[in-house]
Amino acid sequence: MPIATVEWKNKRVKLIDQRLLPHKLEFIYCDSAEEVWDAIRRMKIRGAPALGVIAGYGVYLGIRNSKKNFFRDLQKTTKYLATSRPTARNLFWALERMERVALNNKKESPDRLKKILLDEAGLILKEDKKICRKMGKFGSGLIKKNDVILTHCNAGGLATADYGTALGVIFAAHHEGKKIKVYADETRPVLQGARLTAWELMREGIDTTLISDNMAAYLMSKKKIDKVIVGADRIAANGDVANKIGTYSLAISAHYHKVPFYVVAPLSTIDTRIKSGKSIPIEERDPDEVRKIGGVYISPKKVKVFNPAFDVTPARLVTVIVTEKGVLRKPFARSIREAYRT
Ligand code: MRU
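A. Spotlight on the overall build of the protein chain. Check the secondary structure of the protein chain and you find eleven helices and 16 strands. Here the protein chain has a C-alpha radius of gyration of 20 Å; the compact-globule value for 342 residues is 20 Å, and the two agree. The buried share of the protein chain, taken over its 342 residues, is 57%. At a minimum sequence separation of 6, the contacts of the protein chain that also span at least 24 residues come to 74%. When the accessible surface of the protein chain is summed, it comes to about 15,700 Å², and 53% of that surface belongs to carbon and sulfur atoms. For the protein chain, the centre of its 62 positive side-chain charges and the centre of its 37 negative side-chain charges are spaced 2 Å apart.

Put into structure tokens, the structure is as follows:
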């Protein structure tokens with residue numbers, strides 16, 4: 001059953017507080033752009049496509065009480081929401097889309113513009129659900145009966161409007177009766193794999209095994225993994241992929257052990273203005289995420305910490321990129337250009 005990660009309900013945004021999963025399924029509500037910003041920054045909601053969806057509603061919430069200078073308020077809101085987190089392309093893609101729609105309708109009254117923007121946010125959500133299903137269908141064509149799949153972080157329903165990107169492929173293969181097994185990396189430091197992916201997979205009745213991140217290469221050396229499938233936060237025009245920290249090490253291990261490495265992401269994750277992964281901004285987060293587990297210090301309290309939230313996997317380590325337009329193959333610079341044309 002799909003999870004409604006983000007919803008528009010009673011004139012506000014309803015979302016699952018993902019920090020509490022898997023032990024508590026609790027919903028929170030955002031009534032203002034400030035509350036949306038806080039939800040994104042503190043990772044109550046996370047995952048690239050989900051950030052795009054909530055950003056759309058965040059823009060609407062930021063301008064819904066605008067009285068005199070609509071376009072000034074709109075720009076202030078989009079600039080502000082853009083400071084919430086830096087890496088996921090979908091966040092900026094949605095902000096740009098909301099601005100574009102407003103500009104295309106600039107002759108309308110402020111009240112009409114507000115309605116147009118609320119509808120556009122709804123459309124982003126609706127489209128994301130459809131896109132996830134399409135990627136699931138394309139991706140599941142790559143999965144064989146009894147495949148054992150390794151995934152990293154959470155690229156499931158919780159990271160999108162529902163169904164997911166990488167997990168969408170896994171769900172689709174499972175629903176087609178392919179009897180797959182999945183290893184989920186715990187994904188230190190925020191543990192999206194242990195807390196969210198394991199929960200989502202088990203809810204669907206998929207055979208799930210949790211491992212800590214440092215066990216993946218060993219499993220591959222024992223020929224226990226047939227495929228690695230991950231999502232993406234931003235993909236450069238040449239196919240370099242920014243995703244959750246640890247994805248790059250997995251890709252290197254997969255390449256060494258000749259295990260196919262699939263990335264699943266909508267076109268809204270691709271940043272065609274960025275030539276290569278070198279220019280993708282990588283977020284660095286609170287050192288305490290590394291010093292603590294479950295709120296408890298596991299290290300000396302003042303130890304120095306390096307905490308990048310993402311890394312970049314070079315395109316040459318990626319086997320295919322599954323999008324809503326189909327399965328993109330190398331050279332990615334060309335297949336990405338073509339995907340935009342069709
Ligand atoms: O820091 P997060 O939890 O927002 O990072 C999420 C990821 O890295 C996901 O793998 C990525 O957004 C793909 S989600 C469909």
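B. Region of interest: the nonpolar core. Ranked by size, the top nonpolar core spans 39 residues in total, and within it Val13, Ile45, Ile54 and Leu117 carry the most contacts. When residues of this core are traced back to their parent elements, those giving at least two are β2 (12-16), α1 (33-41), α2 (48-63), α3 (70-81), α4 (89-104) and α5 (110-140). Those residues in contact with Ile45, other than ones at most four positions away along the chain, are Thr5, Val6, Leu15, Gln18, Ala39, Ile40, Ala50, Leu51 and Ile54. Counting 30 residues, the second largest nonpolar core, distinct from the first, contains Ile235, Val241, Ala265 and Ala339.

C. How the structure looks around a nonpolar patch on the surface. A cluster of nonpolar side chains, contributed by Leu25, Phe27 and Tyr29, occupies part of the molecular surface with about 270 Å² of accessible area. With respect to the helices and strands, the residue Tyr29 is situated in strand β3 (residues 27-30).

D. Seen up close, the pattern of salt bridges. In total, this model carries 22 salt bridges according to the counting rule given. Linking Lys14 and Glu7 is a salt bridge whose minimum nitrogen-to-oxygen distance equals 4.0 Å. Note on Lys14: relative accessible area 14%, which makes it buried. The salt bridge involving Lys44 is made with Asp38; its shortest N-O contact spans 2.8 Å. Judged by relative accessible area, Asp38 falls into the partly exposed class, the value being 23%. If you follow the salt bridges from partner to partner, you end up with Arg89, Glu96, Arg234, Asp271 and Arg273 in one network.

E. The packing of α1 against α2, seen in detail. Where α1 meets α2, the closest approach of the two axes is 8 Å, and the angle between their N-to-C directions is 160°. Between α1 and α2, the angle is such that the two are roughly antiparallel. Mapping the contact onto sequence places Ala33, Val36 and Ile40 in α1 and Leu51, Ile54, Gly58, Leu61 and Gly62 in α2. Split into classes, the residues belonging to the contact of α1 with α2 amount to six nonpolar, two polar and no charged.

Cut-off values and rules
Residues numbered from 1 in each chain as written. Predicted model: local features only at pLDDT ≥ 70, side-chain atom pairs only at ≥ 80, totals over all residues. Heavy atoms only, no water. Helix = DSSP H or I, 4+ residues; strand = E, 2+ residues; numbered from the N terminus. Rg over C-alpha atoms; globule rule 2.2 N^0.38 Å. Buried < 20%, exposed > 50% of the residue type's maximum accessible area, 1.4 Å probe, protein only. Contact = heavy atoms within 4.5 Å. Areas by Shrake-Rupley, 256 points an atom, 1.4 Å probe, with all protein chains shown as cover. Lys, Arg positive; Asp, Glu negative; His and termini not counted. Charge placed at Lys NZ, Arg CZ, Asp CG, Glu CD. Core = buried A, V, L, I, M, F, W, Y, C linked by side-chain atoms within 4.5 Å. Patch = residues over 30% accessible without salt bridge, like charges linked within 9 Å, V, L, I, M, F, W, Y side chains within 5 Å. Salt bridge = Lys/Arg side-chain N within 4 Å of Asp/Glu carboxyl O. Axes fitted to C-alpha atoms, helices over the stretch in contact; angles between N-to-C directions. Parallel < 35°, antiparallel > 145°, perpendicular 65-115°, else oblique. Nonpolar A, V, L, I, M, F, W, Y, C, P; charged D, E, K, R; others polar.

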